[in-house]
Amino acid sequence: MTENASAAEPLAADSAIAVVGMSGRFPGAPDLDTYWRNLLGGLCSVTDFTEEELIADGADPQEVRGRDYVPAKGRLAEADRFDAELFGFNRTEAAALDPQHRLLLETAWSALENAGRNPRGGPARTGVYVGGGVTEHMLAAQTDPGLAATIGALQVRILTDREFLAPWISYRLGLEGPSLTVQTACSTSLTAVHLAVQSLLLGECDTALAGGVAVDTVHKKGYVHHQGGIFSPDGRCRPFEERAGGTVPGNGVGVVVLRRLSDALADGDPVRAVIRGSAVTNDGATKVGFTAPGVDQQTAAIVEAWAAAGLDPADAQYLEAHGTATALGDRIEAAAASAAFKGALGTGRIGIGSVKSNIGHLDAAAGVAALIKSVLMLEHATLVPNADAGRPHPELGFEDSPFHLIERAASWPEPGSGPRRAGVSSVGIGGTNVHVVLEQAPPRGGAGAPDGPEVLLLSARTRRDLDALAGRLAEALRAPDAPSLTDTAYTLRVGRAPMAVRGYVRAVDRAEAAELLAGLAAGGAPAAGGPDALGEAWLAGEPVPEAVEGGGRRTALPSYPFAGESHGAYRLAPVAQAGEQAEAGGPTADLEQEIRALIAGALGLADADDPEMTYFAAGGDSLTAVHLVGCLRDEYGLDVPITLFLEQLTLHEMARQIMAVRDGDDSLDALLAEFEAE
């Protein structure tokens, strides 16, 4: 350990940031447990499509059959599904909402749950720092006149533009800290992590969500390889290898929950790893072109991050590199990293790898995918290989460098000089370089409370979701490293959002709890294990205490089993086709019926015939009201005051009051006067 490192150790809790929760979905991995198994096995999760699959999913047959078309991608399965009702979106809004927004909302929810935090009652002063890429859905939706006519052009933009990724999370989860959408191209999500770290250290927030998403399309799609371009000719990404020929596009989403280490330790949070330092630089004009990387400022980002940690880069045992497998990119990154880690030159003792070999290049989500991989390696004390790892490229000079390419999974022993440490790098087109210094989590202080009779409280939006949640929890409690029953019960009380459909089990140990939960998952009684006063109060919807005598600690448990339906995604289509679609959904002859249909369309209702349905119960809000007022004026010449939409009127009553505007009925004036008086 260096002299600087020794001096910095006592201050770590004051200047370091804890990773207390994580969630992600990546190619071949709907959750992080699967992600880890894939990484450990050195699997490549890039999908190879058949010509029939691509054409059936809407790809251009002429392009697919072209000589240079590569039918491969790191595809994210079921990226069009969304639990819209859980997040308060009606069907029209959910269909318009960009898949990136949908995925980030669910992933942010799961990350908070993984940290043992109630995603609807999140800690005060929680910041959000996320970013995403350009999507086909966004481009198609914002150029669809039919959609704009249905819900309004402003609403389309708010539901699809990536600049609203962070605000939607803050709004739907009630998070009141800073909310920033970050954009630095391929380094977006790791830059978001850096900004979240700085915000925590400055005291701007006490908890932060950070990460990114990249779903350019939910449809099966390959790419066209151009000689000398950045994409691989064979659909495989082999960073730093002699077979390297370029990168492969991929889709995914990841979010981490961060807190100051001192706060996390004081609150007994489940610390998964520690961020000791981070830094961001830009190449400026010191490179051959705008899209090209540069050596000097990549080196500077690494050196500055380790300096911020009070450490020397030579203290690392592993570097998770950007690693695009392009000839220029890999050569420059290897040179920059060798210069930064010069204290270990010629030793070859620092492992190097890139998760792009496993899942492809996730663009705005690439950095957080790499960060999560590195946290998992620290947790499991295991170094994982590049997928289908081969020999290093001879031009990179690894034989005289600090690095060796990880070719197979290997144990990662704790070095005698201190804890396990790793660096994570990310580089964006345009020159923004980011580096984060990671360290293994400190031992969790104190033993968890001993097992004893405990009541596990569960809730979900539907019975189906409750059954799925019970099944997941049963499986988790059977695992060799399962948390204590006391910690499990405590986390379920303080770290989950109470919902309408409820169940509970009362058990004396984990084995009994798992058995009872499995019975509940199979459709058993919601009070499996016999009646209990606390459980019965829970079923009745009564308030229950967050903690009971004996305490408990937050621990990582299975997150909510989102089971939303497919809401599809918009695709770019000829203007004429979009016009035909709009015409096909045109109004009927009866004006009042037309008005009800207009309101129903804006609210995502199949129809507006329910005489008891009110505007607000159907999901109406002030923004939708602004849109409807504009439509009524532009399409029917009706100047309807927006205050009409503030009353608890049924949709039928609302349509009649709007008709009264056309007929000059004084009753509307009286109603509006009553509004003003109130």
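Residues numbered from 1 in each chain as written. Predicted model: local features only at pLDDT ≥ 70, side-chain atom pairs only at ≥ 80, totals over all residues. Heavy atoms only, no water.

Student: What am I meant to see in the pairing of strand S5 (residues 126-132) here?
Tutor: Two faces make up the sheet, and in a regular strand the side chains alternate between them. The element S5 is largely enclosed, with a buried count of seven among its seven residues. Of the two faces of S5, the one carrying Thr126, Val128, Val130 and Gly132 and the one carrying Gly127, Tyr129 and Gly131 are both buried. Here S5 pairs with strand S7 (residues 207-214) via seven bridges, running parallel. Paired with Gly127 across the bridge in S7 is Ala208. For S5 and strand S6 (residues 179-181), the ladder comprises three bridges, and the chain directions are parallel. Opposite Tyr129, over in S6, you have Leu180 as the bridge partner. (Buried < 20%, exposed > 50% of the residue type's maximum accessible area, 1.4 Å probe, protein only. Helix = DSSP H or I, 4+ residues; strand = E, 2+ residues; numbered from the N terminus. Pairing = 2+ DSSP bridges.)

Student: When you look at the packing of helix H18 (residues 463-478) against helix H20 (residues 510-521) in this model, what are you seeing that I'm missing?
Tutor: Two packed helices can be described by the angle between their axes and the distance between those axes. The N-to-C vectors of H18 and H20 enclose an angle of 155 degrees; their axes lie 8 Å apart at closest approach. When the axes of H18 and H20 are compared, the pair comes out roughly antiparallel. Helix-helix and strand crossings are classified by hand; for H18 and H20 the assignment is left-handed. Note on element contacts: H20 touches H18 through Arg510, Ala513, Ala514, Glu515, Leu517, Ala518, Leu520 and Ala521, opposite Arg463, Asp467, Ala470, Gly471, Leu473, Ala474, Leu477 and Arg478. (Axes fitted to C-alpha atoms, helices over the stretch in contact; angles between N-to-C directions. Parallel < 35°, antiparallel > 145°, perpendicular 65-115°, else oblique. Left-handed = near helix turned anticlockwise from the far one by under 90°. Contact = heavy atoms within 4.5 Å.)

Student: Can you help me understand the packing of helix H12 (residues 188-202) against helix H17 (residues 366-380) in this one?
Tutor: Taken N-terminus to C-terminus, the directions of H12 and H17 make an angle of 65 degrees; their axes are 4 Å apart at the nearest point. Judged by the angle between their axes, H12 and H17 are roughly perpendicular. In this structure, H12 uses Ser189, Leu190 and Val193 to contact H17, whose residues at the interface are Ala366, Gly367, Val368 and Leu371. Taken together, the residues of the contact of H12 with H17 sort by class into five nonpolar, two polar and no charged. (Nonpolar A, V, L, I, M, F, W, Y, C, P; charged D, E, K, R; others polar.)

Student: Which parts of the structure should I look at to understand the side chain of Asn358?
Tutor: Here Asn358 shows up in helix H16 (residues 356-359). Filtering out sequence-adjacent residues up to four positions away, Asn358 remains in contact with Leu39, Gly42, Leu43, Cys44, Ser45, Val46, Pro385 and Ala387.

Student: Looking at this structure, how should I read the nonpolar core?
Tutor: Core analysis: the biggest nonpolar cluster contains 72 residues, and Phe89, Ile169 and Leu456 have the highest contact counts within it. Ranked by residue count, the leading element in this core is helix H7 (residues 99-114), at seven residues. With residues near it in sequence (within four places) discarded, Leu456 still touches Leu473, Leu477, Leu485, Thr488, Ala489, Leu492, Gly503, Tyr504, Val505, Ala513 and Leu517. If you look at the next biggest cluster of nonpolar residues, it comprises 49 residues, including Val182, Ala192, Ala196 and Val256. (Core = buried A, V, L, I, M, F, W, Y, C linked by side-chain atoms within 4.5 Å.)

Student: Honestly, the packing of aromatic side chains in this entry has me stumped. Any pointers?
Tutor: Two aromatic rings, taken as a pair, are described by how far apart their centres are and by the angle between their planes. With the rule as written, the count across this model stands at 16 aromatic pairs. An aromatic cluster is present here, built from Phe82, Phe87, Phe89, Trp109, Trp168, Tyr171, Tyr560 and Phe562 joined pairwise through their rings. The residue whose ring lies beneath Arg172 is Phe89, and the NZ or CZ to ring-centre distance is 4.2 Å. (Phe/Tyr/Trp six-rings, centres within 6.5 Å; stacked < 30°, edge-to-face > 60°. Lys NZ or Arg CZ within 6 Å of the ring centre and 35° of its normal.)

Student: Help me out: how do you make sense of helix H23 (residues 591-603) in this one?
Tutor: Given a rise of 1.5 Å per residue, 13 residues ought to cover 18 Å, and the 18 Å separating the end C-alpha atoms of H23 matches this to within 8%. Listed as buried for H23 are Leu591, Glu594, Ile595, Arg596, Leu598, Ile599, Ala600, Ala602 and Leu603. Following H23 by one or two positions, Gly604 adopts a phi angle in the positive range, close to 75 degrees. (Expected span 1.5 Å × (residues − 1).)

Student: How should a nonpolar patch on the surface be read in this particular structure?
Tutor: Taken together, Val134, Leu139 and Leu572 make up a surface patch of nonpolar side chains, about 260 Å² in accessible area. Relative to the elements of secondary structure, Leu139 occurs in helix H8 (residues 136-142). Residue Leu139 is classed as partly exposed on the basis of its relative accessible area, which comes to 41%. (Patch = residues over 30% accessible without salt bridge, like charges linked within 9 Å, V, L, I, M, F, W, Y side chains within 5 Å. Areas by Shrake-Rupley, 256 points an atom, 1.4 Å probe, with all protein chains shown as cover. Salt bridge = Lys/Arg side-chain N within 4 Å of Asp/Glu carboxyl O.)

Student: Would you mind showing me how to read unusual backbone geometry here?
Tutor: What is expected of a backbone is that most residues other than glycine have negative phi and most peptide bonds are trans. The backbone phi angle of Glu78 is positive, close to 55 degrees, even though this residue is not glycine. Note on placement: Glu78 falls in the loop between strand S4 (72-73) and helix H6 (91-96). A relative accessible area of 53% means that Glu78 is categorised as exposed. One non-glycine residue with positive phi stands out, namely Phe240, at about 65 degrees. Take Phe240: it is sitting in the loop between strand S8 (223-224) and strand S9 (252-260).

Student: It is not clear to me how the environment of Gly351 should be interpreted in this structure. Could you clarify?
Tutor: For Gly351, the location among the structural elements is in strand S12 (residues 350-353). For the pair Gly351 and Leu319, spaced 32 residues apart in sequence, the C-alpha to C-alpha distance is 6.2 Å. In contact with Gly351, other than residues within four places in its own chain, are Gln317, Tyr318, Leu319, His404 and Ile406.

Student: What am I meant to see in the confidence of the model for the protein here?
Tutor: Where the model shows low pLDDT, its predicted coordinates should not be examined in detail. Overall, the predicted model of the protein reaches an average pLDDT of 88, with 91% of residues at or above 70. Every residue in residues 574-589 scores below 50 in pLDDT, and together they form eight contacts with partners more than four places removed in sequence or on other chains. (pLDDT = per-residue confidence, 0-100.)

Student: I would appreciate a short explanation of the sheet that holds S12 in the present structure.
Tutor: Paired through backbone hydrogen bonds, the strands of a sheet run either parallel or antiparallel to each other. Pairing is mixed across the open sheet formed by eleven strands, whose spatial order is S6-S5-S7-S9-S1-S10-S17-S16-S11-S12-S14. The open sheet has two edge strands with one neighbour each: S6 and strand S14 (403-405). Strand-to-strand twist of the sheet, defined as the mean angle between neighbouring strand axes without regard to direction, takes the value 25 degrees. Of the strand pairs in this sheet, strand S11 (residues 318-320) and strand S16 (residues 421-427) are connected by three bridges, and their pairing is parallel. Bridge pairing in S16 places Leu319 opposite Gly423. On the sheet, H7 packs against strand S1 (17-25), S5, S7 and S9 and is oriented at approximately 135 degrees with respect to S1.

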